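Here's the letter readout for the chains.
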Amino acid sequence: MRIRDQILRIGAGILCVVMAALLIVLMFMNHRRNQERADALRQRTQERKVQETQKMEKAAELYEQYVHQLGETRVVCWGDAVMAGKGDVSLPAALDTVMEENLYGSFTESYAKVVDDEEMVQVGASVVNMGVRDEGLREILVRAGVNQMKVGEWVLFPGDTEPQNIVLGDDTLWTPLQFARQDQVTFGKVVIEDTEGTLVEGEGEYDSLHPRFAFVRDEEGDSFQAGAGTEIEVESASKYLGSIPVLFFQDDSADSVDSFLSDVEDLVDRYTDYYQEDDEEASEEEPAPSHGFVVICTTEGDSDLDAALRDEFGDHYIRSDLYADALTADNCKNLAQTVFDALDVQGCFDDVKNTTRQAVEALDDLSVQVEH
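Note that the structure is predicted; figures quoted are calculated from it, not measured. (Residues numbered from 1 in each chain as written. Predicted model: local features only at pLDDT ≥ 70, side-chain atom pairs only at ≥ 80, totals over all residues. Heavy atoms only, no water.)

Visitor: Just to check I follow, could you spell out the overall build of the chain for this structure?
Guide: Along the backbone of the chain there are 9 helices and 14 strands. Looking at the chain alone, contacts between residues at least 24 apart form 71% of all its contacts between residues at least 6 apart. Carbon and sulfur atoms form 47% of the exposed surface of the chain, whose accessible area is close to 21100 Å². (Helix = DSSP H or I, 4+ residues; strand = E, 2+ residues; numbered from the N terminus. Contact = heavy atoms within 4.5 Å. Areas by Shrake-Rupley, 256 points an atom, 1.4 Å probe, with all protein chains shown as cover.)

Encoded structure:
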């Protein structure tokens, strides 16, 4: 019995040792598997980080590429008080918002998720508000560069740089041009008799809203005389050539339907090739012309002017009694959407829309590549 008990005890001991050894082996193997899984997880995490970093870098490259291709959609809005608006409530401000949403919203939203805020730049529309209150069509035509501005009467310009009051006239009527007192009425660089300078508000005024203007020469020089009718070269309006024009007028902007149409035609002709498609003598240095434009006018529905505008400009013309009478934020937005749709139908935004779509698709393809 003693021998058997001893054998059993020895066998039990050996079994315990074997079981302990197996347990140790199993624990080691489990630890190893856990370690391998942890290592694999760390590797996948690291690979994912590398992929995400590469995605961010490639997304930034795509962003820069497509931002460069998108460029800027430039619109210039000419008109009177309705175009000028009241504070932030204006057609140009609303049009800028509508264009941002319709043309660039998907692009900005997509790339904002993968491009750092510091790397993002302002993309989108540039809508310039050239509307001025209490200014007539003659002044608008001169500011837009359609009518040539001229010295209205004989004047002596002294050799120093002190402002010299000057009466301004234009090509059509020898009555003074009365530019309204607004920040938008800026002429930048002007040239009179080869002397460079600037037009600024001068002494006196035609009335409380229309000041006189003075010429300030850039540098002192010889005094010179300018007779009535001397042309004043104005450069400020030329920078808007190549922009898409939106023109807004009221039905009292001209003395007759014919004169109104003639003036608006001149404005359209300055910015587009609507009347000069076959003009082979056009300067190659000028920006490429475009058919895109909109003429907005407040008229009676059955008036001769409304019929004439519709006949002359067709889908380019928008009649807008409501917006002129009630210049609210909602009305401006509704009109801006109508203007956008009219320009969109004309194909003004085709290149931008195609580029935006390509940019979003390229980013989507990049995301799919990273996920797989």
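Visitor: Looking at this structure, I do not really get unusual backbone geometry. What am I missing?
Guide: A negative phi angle characterises most non-glycine residues, just as the trans form characterises most peptide bonds. Although it is not a glycine, Asp134 adopts a positive phi angle of roughly 55 degrees. Of note, Asp134 is situated in the loop between strand 2 (124-131) and helix 4 (137-143). One non-glycine residue with positive phi stands out, namely Glu193, at about 50 degrees. As for its position among the elements, Glu193 is in the loop between strand 7 (189-192) and strand 8 (195-207). Overall, Glu193 belongs to the partly exposed group, its relative accessible area being 42%. (Buried < 20%, exposed > 50% of the residue type's maximum accessible area, 1.4 Å probe, protein only.)

Visitor: Help me understand the packing of aromatic side chains, please; the structure alone is not making it clear to me.
Guide: When we look at a pair of aromatic rings, we describe it by the centre distance and by the angle of the planes. Evaluation of the coordinates by the stated rule reveals 14 aromatic pairs. Seen in terms of ring centroids, Phe249 and Phe260 are 6.1 Å apart; in terms of plane orientation they differ by 90 degrees. Their pairing is edge-to-face. Within this pair, whereas Phe249 is found in strand 12 (residues 244-250), its partner Phe260 is found in helix 5 (residues 257-271), the two being separated by 11 residues in sequence. Considering the side-chain rings of Phe340 and Phe349, the 4.8 Å spacing of their centres and the 10 degrees angle between planes classify their relative orientation as stacked. (Phe/Tyr/Trp six-rings, centres within 6.5 Å; stacked < 30°, edge-to-face > 60°.)

Visitor: What is the right way to look at the pairing of strand 9 (residues 210-217) in this model?
Guide: Each regular strand shows side chains that alternate between the opposite faces of the sheet. Burial within strand 9 is extensive, with 7 of its 8 residues counted as buried. Taken together, the 3 bridges between strand 5 (residues 164-166) and strand 9 define a ladder with antiparallel strand orientation. In the sheet register, Gln164 faces strand 9, and the bridge partner there is Phe215. Of the pairings in the sheet, the one linking strand 8 to strand 9 comprises 7 bridges and is antiparallel in character. (Pairing = 2+ DSSP bridges.)

Visitor: Is there a simple way to think about the environment of Thr175 in this case?
Guide: Turning to its location among the elements, Thr175 is positioned in the loop between strand 6 (168-169) and strand 7. Every residue in contact with Thr175, bar those within four places of it in the chain, is listed here: Arg138, Leu168 and Gly169.

Visitor: Hey, could you run me through a negative patch on the surface in this one?
Guide: Residues Glu57, Glu61, Glu64, Asp116, Asp117, Glu118 and Glu119 make up a contiguous surface patch of negative charge. Mapped onto the elements of the fold, Glu57 is located in helix 1 (residues 2-70). (Patch = residues over 30% accessible without salt bridge, like charges linked within 9 Å, V, L, I, M, F, W, Y side chains within 5 Å. Salt bridge = Lys/Arg side-chain N within 4 Å of Asp/Glu carboxyl O. Lys, Arg positive; Asp, Glu negative; His and termini not counted. Charge placed at Lys NZ, Arg CZ, Asp CG, Glu CD.)

Visitor: In this structure, what is going on with the sheet that holds strand 2? I would like to understand it.
Guide: Hydrogen bonds along the backbone pair up the strands of a sheet, which may run parallel or antiparallel. If you walk across this open sheet you meet the 5 strands as 2-1-12-13-14, and the pairing is parallel. The strands lining the two open edges of the sheet, one partner per strand, are strand 2 and strand 14 (317-319). Going across the sheet, the axis of each strand differs from the next one's by a mean of 15 degrees, ignoring polarity. The pairing of strand 13 (residues 294-298) with strand 14 spans 3 bridges and is classified as parallel. Pairing of Ile296 across the sheet is with Ile318, part of strand 14. (Axes fitted to C-alpha atoms, helices over the stretch in contact; angles between N-to-C directions.)

Visitor: Would you explain a nonpolar patch on the surface in this entry?
Guide: Side chains of Ile10, Ile14, Leu15, Val18, Met19 and Leu22 sit close together on the surface and give an oily, nonpolar patch of about 580 Å² of accessible area. Residue placement: Leu22 occurs in helix 1. Look at Leu22 and you get partly exposed, because its relative accessible area is 46%.

Visitor: What's the story with the sheet that holds strand 8 in this structure? I'm lost.
Guide: Strand order across the open sheet formed by 5 strands is 5-9-8-7-11, with antiparallel pairing between neighbours. The sheet is open, and its two edges are formed by strand 5 and strand 11 (232-234), each paired on a single side. Strand after strand, the sheet turns through a mean of 45 degrees between neighbouring axes, direction not considered.

Visitor: Please explain the nonpolar core as it appears in this structure.
Guide: Buried together is how nonpolar side chains tend to be arranged in soluble globular proteins. Among the nonpolar cores identified, the biggest contains 45 residues, and Leu95, Met99, Phe107, Tyr111, Val246 and Val339 are the most heavily contacted of them. With 9 residues, the single largest contributor to this core is helix 3 (residues 91-112). Once residues lying within four places of it in the same chain are set aside, the contact partners of Leu95 are Val75, Cys77, Val127, Val246, Ala336, Val339 and Phe340. Among the nonpolar cores identified, the runner-up in size contains 25 residues, and Leu141, Phe260, Leu261 and Phe313 belong to it. (Core = buried A, V, L, I, M, F, W, Y, C linked by side-chain atoms within 4.5 Å.)

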